[in-house]
Amino acid sequence: MRFFPRAAILDDTGKPCEIVSIWQLRWDERQSDPAFAAAVHRLSRALVANYSGMKVAAPIMLWVLGGMFTSITLLAGYSLLLSWLVWAPPALALYWIMRRGDLQRIVRQTIDVLLVNGICPGCAYNLAGLPEEDGLIGCSECGAAWMRSRIARFHSFGQRAERSETRPLRLWWERVKAFEPYGPTSIYDDRSFVRPVVSPRLAWPIRAAENEHHDRLVEAREEMISHGSIRRLLTVCVIPFFAYPIIVVNLRTDNPLNIALGLLLLPMMVYSGIFTLRGAVGIKAQHIKDAMLRYRLCPSCASDLMTDDQPEVQGFCTCPECGAAWRLREEPGSQSPALDETRSVP
Ligand SMILES: [Zn+2]
Ligand SMILES: [Zn+2]
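### Points about unusual backbone geometry
Reasoning step 1: Despite not being glycine, Asn211 has its phi angle at roughly 50 degrees, a positive value.
Reasoning step 2: Mapping Asn211 onto the fold places it in helix 8 (residues 211–225).
Reasoning step 3: Its relative accessible area of 65% is what places Asn211 among the exposed residues.
Reasoning step 4: The backbone of Arg296 shows a phi angle near 55 degrees, a positive value even though the residue is not glycine.
Reasoning step 5: Along the chain, Arg296 falls in the loop between helix 11 (285–294) and strand 6 (312–313).

### Thoughts on the coordination of the zinc ion (ligand 2)
Each pair of donors in an ideal octahedron of six around a metal sits at 90 or 180 degrees, and each pair in an ideal tetrahedron of four sits at 109.5 degrees.
Reasoning step 1: Within the first shell, the zinc ion (ligand 2) binds the protein through Cys298 (SG), Cys301 (SG), Cys319 (SG) and Cys322 (SG), at distances of 2.2 to 2.3 Å.
Reasoning step 2: Considering all 4 donor atoms around the zinc ion (ligand 2), angles at the metal cover 105 to 116 degrees and the coordination shape is tetrahedral.
Reasoning step 3: Sequence spacing of the donor residues for the zinc ion (ligand 2), all on one chain, is C-x2-C-x17-C-x2-C. On the criterion of sequence distance, the pair formed by Cys298 in the loop between helix 11 and strand 6 and Cys322 in the loop between strand 7 (316–318) and strand 8 (325–326) is long-range, its members being 24 residues apart.
Reasoning step 4: By relative accessible area, Cys298 is classed as buried at 0%.
Reasoning step 5: The exposure class assigned to Cys322 is buried, which follows from its relative accessible area of 19%.

### Topic: the coordination of the zinc ion (ligand 1)
Reasoning step 1: Here the zinc ion (ligand 1) is held by the protein donor atoms Cys120 (SG), Cys123 (SG), Cys139 (SG) and Cys142 (SG), which lie 2.2 to 2.3 Å from it.
Reasoning step 2: Given 4 donor atoms and angles of 103 to 115 degrees at the metal, the environment of the zinc ion (ligand 1) is assigned as tetrahedral.
Reasoning step 3: When the donor residues of the zinc ion (ligand 1) are listed from N- to C-terminus, their spacing reads C-x2-C-x15-C-x2-C.
Reasoning step 4: Residue class for Cys139 comes out buried when judged on its relative accessible area of 5%.

### Section: the UniProt feature "transmembrane region" (unreviewed entry) in the protein chain
Reasoning step 1: Feature annotation in UniProt places "transmembrane region" (unreviewed entry) on residues 56–75, 81–98, 233–251 and 257–277, given in this structure's numbering.
Reasoning step 2: Along residues 81–98 the backbone is 100% helical and 0% strand, and the end-to-end C-alpha distance reaches 25 Å.
Reasoning step 3: Annotated as 100% helix and 0% strand, the span residues 257–277 places its first and last C-alpha atoms 31 Å apart.

### Brief notes about the sheet that holds strand 3 (residues 145–147)
Reasoning step 1: Spatially, the 3 strands line up as an open sheet ordered 1-2-3, and their pairing is antiparallel. Two strands close off the open sheet at either side, each with one partner strand: strand 1 (132–133) and strand 3.
Reasoning step 2: Two elements, strand 2 (residues 136–138) and strand 3, share 3 bridges in a ladder whose sense is antiparallel. Of the residues in strand 3, the one forming a bridge with Leu136 is Met147.

### Focus on the packing of aromatic side chains
Reasoning step 1: Taken as a whole and assessed by the stated rule, the structure comprises 3 aromatic pairs.
Reasoning step 2: A centroid spacing of 5.2 Å and a plane angle of 85 degrees characterise the contact between Phe36 and Phe157, whose relative ring orientation is edge-to-face. Of the two residues, Phe36 is situated in helix 2 (residues 34–48) and Phe157 in the loop between strand 3 and helix 6 (167–178); the sequence distance between them amounts to 121 residues.
Reasoning step 3: The lysine or arginine in question, Arg26, covers the ring of Trp23, its NZ or CZ lying 5.0 Å from the ring centre.

### A closer look at the packing of helix 2 against helix 5 (residues 103–116)
Reasoning step 1: In contact at an axis separation of 10 Å, helix 2 and helix 5 are set at 160 degrees when each is read in the N-to-C sense. Here helix 2 lies roughly antiparallel to helix 5, going by the angle between them. Crossing of helix 2 over helix 5 shows right-handed handedness. Taken together, the residues of helix 5 that come into contact with helix 2 (itself represented by Ala39, Arg42, Leu43, Ala46 and Leu47) are Ile106, Gln109, Thr110, Val113 and Val116.

### Here's the deal with the side chain of Asp304
Reasoning step 1: Within the secondary structure layout, Asp304 lies in the loop between helix 11 and strand 6.
Reasoning step 2: Overall, Asp304 belongs to the buried group, its relative accessible area being 17%.
Reasoning step 3: Within polar-contact distance, the side chain of Asp304 engages the side chain of Arg216 at 2.9 Å.
Reasoning step 4: At 2.9 Å, the side chain of Asp304 forms a polar contact with the backbone nitrogen of Met306.

Conventions we followed
Residues numbered from 1 in each chain as written. Chains lettered and ligands numbered in written order. Predicted model: local features only at pLDDT ≥ 70, side-chain atom pairs only at ≥ 80, totals over all residues. Heavy atoms only, no water. Helix = DSSP H or I, 4+ residues; strand = E, 2+ residues; numbered from the N terminus. Buried < 20%, exposed > 50% of the residue type's maximum accessible area, 1.4 Å probe, protein only. Donors = N, O, S within 2.8 Å, 3.2 Å for Na, K, Ca; no water. Tetrahedral: all angles 85-135°; square planar, octahedral: opposite > 155°, others 65-115°. UniProt positions renumbered as here; feature names shortened; annotations may be inferred. Pairing = 2+ DSSP bridges. Phe/Tyr/Trp six-rings, centres within 6.5 Å; stacked < 30°, edge-to-face > 60°. Lys NZ or Arg CZ within 6 Å of the ring centre and 35° of its normal. Axes fitted to C-alpha atoms, helices over the stretch in contact; angles between N-to-C directions. Parallel < 35°, antiparallel > 145°, perpendicular 65-115°, else oblique. Left-handed = near helix turned anticlockwise from the far one by under 90°. Contact = heavy atoms within 4.5 Å. Polar contact = N/O pair within 3.5 Å; in protein donor to acceptor, adjacent residues only side chain to side chain.

See the structure below:
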């Protein structure tokens, strides 16, 4: 048994291959193309959905409590910092052990999401325009072969990509603006499979979508963020309640370190307030599911469920992009105010 397992990564012919990491994709120069950014965002939502509170909380608890315990027993007299240093490796090991089961899933999700968008999961090369042979497309960059049927659409990424010195800064700012803390990360589809869930502000999907799909995404967002606004406001009011006394105490000392800390906490308080207002506090997974399905949008990947070739089997509508199964909220053709509204959009 290997302590640090490596997931088996195979292409569609069963041949071992490499896989791109989310970090590589985030700093790819095609990020300035909304379609590419939306694909990467969807992958990061899928990866985030693998985390459960316990997998993160247990190692942190072990680290904090273990450090505190040894600092008053075995390592008494030494700094608490030393004790925490000693406990860092076991805490990291516990984190790895708890997450090892996720590795295979992470590989599968990366392959699924990238292939749907015509990106080679092995090297992030654009598969558009490559020849198809026996239903397989061989990547000309890394040699991995993928099934053509797994690709939903090809993009010509990079047409809108810009090359400039300020690009990394712009990308970072875009990411800051799209940051949505505290929202739900996973959801059950109507066949009770756990799926990742879209973030309620739909920042990347809205940027990438076109025409009528775009309008429905905007309307679904309005409906989703109408939930929980009072809770967000109350949360913002609580932040200065805790932060203000700490800031005042630090600023009133003569120690330059404390004053610096106090001055640092001030913008942090403002930022956390802004992020809370822009975040997803009080928006439940059920709110997202209801609103998205009412507008015929996939709650898991934001793709359009109103396409003509929509396979609807036994009352379930299967998302052509992510395979999630949904029961649509209203029958098509019935008097649904939400849909009539969007259908009238030219
Ligand atoms: Zn490749
Ligand atoms: Zn979907």
